[in-house]
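Residues per chain are reported as follows:
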Amino acid sequence: MIEFLEYLASLGLVAYTKFIVAYFIFVNVFYFTMLVVSFGAIVHYLRRSAFTEHSMIMQSEFSTPISILAPAYNESATCVESTNSLLKLNYPTAEVVFVNDGSKDNTLDVMIKEFSLVKTHRVYVPRIATKPVRGIYISTLKAYKNLIVVDKENGGKADALNVGINISRYPLVCAIDADSILEDDALLKVVKPFLDHDQVIAVGGIVRIANGCTIERGRVKEVRLSKKFIPSFQVVEYFRAYLTGRMGWGAVNGLLIISGAFGLFKREIVLACGGYKHDTVGEDMELVVRMHRYCRENNIPYRVEFVPDPVCWTEAPETLKILGRQRNRWHRGLLDTLLIHKKMLFNRRYGVLGTVAVPYFVFIEMLGPLIEALGYIAVIIGFIFNMVNIQMFILFFVVSVIYGVMFSIGAVLLEEVSFHRYPRLGDLIKLLFMGLLENFGYRQITVWWRIKGVWDYFRGVKTWGTMQRVGFASSKK
Amino acid sequence: MFVLVITFAAIFLIAIISVGMIVQKIRSGITARRNEQYLRDAQDSLTLYLLGDIEGDDYTEPNGRYQKSLASLAYQLQTRTDTGSMFDRAMRRAALRTAMLDVSHSLSGETQLRLNHAFSVMGFVGEEMTLAQSNRWWIRARACERLRLMHAKEGAEVLVKNLEHENEDVRIEAALSLIDIIGLDALSPILMTMKKMSLWMEVRLSRSILSFGTDAVPHLEQGVKSESHSVQKFCIEMLGILGDVHAVPTLIEYMNYRVPEVQRASLEAFGKIGDARAIPIILKFLQSDDTQTRIAAAKALGNLGSPATVDALNKLLLRDSIDVRLAAAESLSKIGTSGIKTLQYSTQSDDEEVRLVAMQYLHEQDIVLKGNAA
């Protein structure tokens, strides 16, 4: 019996080993291709940037007006500062639509008092169905004429954004997170693709990690790497995700994710698609995929672009517990979106999306952690039954680490040749070191969080999980 | 064996890239300091050239005293860059070009002429004219931009060729340079050459055209006759921004031959120019089948502010879709007493949507008035 089990295990192990090696080669070839495509795209972007003076957009009557949507729930402590910060962004014509999503604290009272708001009789046209709106407020002060505050019943972030889209007056809508820190010229930078091509329907901006940076009056004043390990690992991860991932996908019009922290959309298309979906934790990705799908299905020529200039900063989790919750939620969002739009998988009607982007997200991003975890289990079984060729195992492990390091270093290289926002030599050396170190423990633990995300998804968990943040005040000098 | 080779190649690559990045980071600081020194030297030389004493004052006379004296100063400038090793000379020359380009937009009169002379004598204009024919678009675009900063009239021919280049940045830089070097006379041919204009191109060109003020109007009127809808739209928008009433007949003349997008731009321009001659044609477009065109017409009437249009706007408020109603009510709120009275009357309407729309604008205007009074 034991011999039979050993025989079965050896058969399974050999088959799985072959599969893993093939998968490993495929994934790394794919990543390498993405790195090359992203490099080309960044070089092209930098060449074009040399002829782009953003101040010209600021002074021009031809710039497209933007509505900035700021959803808020229980933000009484920070709402005034963040609203002021949005009102001061450099852009010729912009309005800020602050949506109080049924806060239980006194967010609305604070806003009314600080900005001298009065309730108006403004007509609310629910082009996208939302929870009821309780009131729309505008300021009696000229200085805040571009501020609209909406009070509504609690319905979650997606619902609050939909209310903002309904209320907004301008052709472009910018969705941001309450805790996003935007660069002064963030809007000027992300609007550029819309000015370049009238077919652009959405633009994503790069989100960077603010932990360790000096923040003053809602702006990043000095860029530094955090002294802590967990945020520093995430800096390298974000470089990989944005500079080699999204940049490459943007170049082939296959970008499926625009971060909820900062994205600019054509309002007309968002309305036609029905706005953000309420019952998913990955509403940002889901909307972008739906916009792609809408345009493809209606034969509308379109582009979804990515701007690699540093435009938005966010606070990354500093503890494993909070980071685990975030990654769990991201993976559930990914899974949900891919299952909602499973029709697109290998469907040539959706062009590069159906044939490359969606399969990549299904087989590499979604199933990757499961395949990697099964690999670890197979190794353990192999050791138990004494079937592991130690030399081959060590070789495979070393090769996988080296390729992991290579892509991380490639992402750091892209940052260095393009925007080099980390001016200190020490920070650069630390980033290179993090690219090596993340392969021993950190990578494995993220795999576990993502597997748990799959498990939670099929258990029906739909919550966001509490995201405790340290706050930017701690990073002030 | 193959895996091992690939792995060692990857390790080698990682090591090279990592060390390369670190070395580059250290080197960039040193290079920046050295370049600063070259630039300071170049700025000193340029100051001596631009402010140097010169004999004679008739700079139009060929081989006159002025020209000879200027040639002597230029020779001194040239010799200052001609010292040291080959690397040194190249660096000095590049730094001098940077220093000259940096000041080119802030000079005028005789000093500007001296600078232009230096650009030619140093061979910078010739170099840029060659680069403006490069196969690489970014080199072409940069060369076109520099020819503008050098005010190089001799570069006009190569710039005209670049107006039809496939890359938009090249076309933009060439167009801007031609307008800058030749003046407004270049505008009509440029607009007629353009096949499609992006918003970015509009942003760039508008800034340059606006600097000529209403002198640009006849040229923009020519541009309205272009076959390209985007060029038509741009010219109409520019005419609206310039606000010259002389453009109104041209805009009216072409209203019936255009696509809705261009018609909307014309309606907006009528609102900005504020000429009552446009009212009959705007009223006609209130009947358009296109919702966005009706909205644009309603908004134009609001900007014109004529009480004669109140009835037409009131009809829209009572009978049209919500978006058009909102535009009509907003316009009525801008047309003084008769508009406000119409809105007040509409608050008694049986139609709830009409009531709400009218109340919105009456209330918001009240808030604005109170705010202004405060």
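For the structure, check the block above.
As the structure is a computational prediction, the values presented were derived from the model and not from experiment. (Residues numbered from 1 in each chain as written. Chains lettered and ligands numbered in written order. Predicted model: local features only at pLDDT ≥ 70, side-chain atom pairs only at ≥ 80, totals over all residues. Heavy atoms only, no water.)

Digging into the side chain of B:Ser230
- Its location among the elements puts B:Ser230 in helix 12 (residues 229–242).
- For B:Ser230, a relative accessible area of 15% corresponds to the buried category. (Helix = DSSP H or I, 4+ residues; strand = E, 2+ residues; numbered from the N terminus. Buried < 20%, exposed > 50% of the residue type's maximum accessible area, 1.4 Å probe, protein only.)

Topic: the interface of chain B and chain A
- Each partner contributes residues to the interface: chain B has 47 residues there, and chain A has 49 residues.
- Of the roughly 4200 Å² buried where chain B meets chain A, counting both sides, 70% is carbon and sulfur surface.
- The largest per-residue losses of area from chain B upon contact with chain A belong to B:Met21, B:Lys25 and B:Trp200, which jointly make up 18% of the total buried on that side.
- Along the contact surface separating chain B from chain A lie four salt bridges.
- The shortest N-O distance in the salt bridge between A:Arg122 and B:Glu364 comes to 2.7 Å.
- Linking chain B with chain A are 10 residue pairs in polar contact (both at pLDDT 80 or more).
- Elements with a contribution of two residues or more to the side of chain B that touches chain A: helix 1 (2–51), helix 6 (137–149), helix 8 (168–182), helix 10 (199–210), helix 12, helix 18 (322–334) and helix 20 (352–373) of chain B.
- The dominant element in the side of chain B that touches chain A, judged by the number of residues it contributes, is helix 1 of chain B, at 14 residues.
- Within the side of chain B that touches chain A, the residues separate by chemical class into 25 nonpolar, eight polar and 14 charged. (Contact = heavy atoms within 4.5 Å. Buried area = accessible area lost by both parts, 1.4 Å probe. Salt bridge = Lys/Arg side-chain N within 4 Å of Asp/Glu carboxyl O. Polar contact = N/O pair within 3.5 Å; in protein donor to acceptor, adjacent residues only side chain to side chain. Nonpolar A, V, L, I, M, F, W, Y, C, P; charged D, E, K, R; others polar.)

A closer look at the sheet that holds strand 4 (residues 133–139) of chain A
Residues and elements named next belong to chain A.
- Taken together, the 10 strands give an open sheet; going across it, the order is 3-4-5-2-1-6-11-8-12-7, and neighbouring strands pair in mixed fashion. The open sheet has two edge strands, strand 3 (117–120) and strand 7 (181–182), and neither has a second partner.
- As judged from the four bridges shared by strand 1 (residues 66–72) and strand 6 (residues 172–176), these two strands associate in the parallel manner. Within strand 6, the position partnered with Ser67 by the bridge is Val173.
- Across the sheet, helix 5 (residues 157–167) touches strand 1, strand 2 (94–101), strand 4, strand 5 (147–152) and strand 6, and the angle it forms with strand 2 is around 140 degrees. (Pairing = 2+ DSSP bridges. Axes fitted to C-alpha atoms, helices over the stretch in contact; angles between N-to-C directions.)

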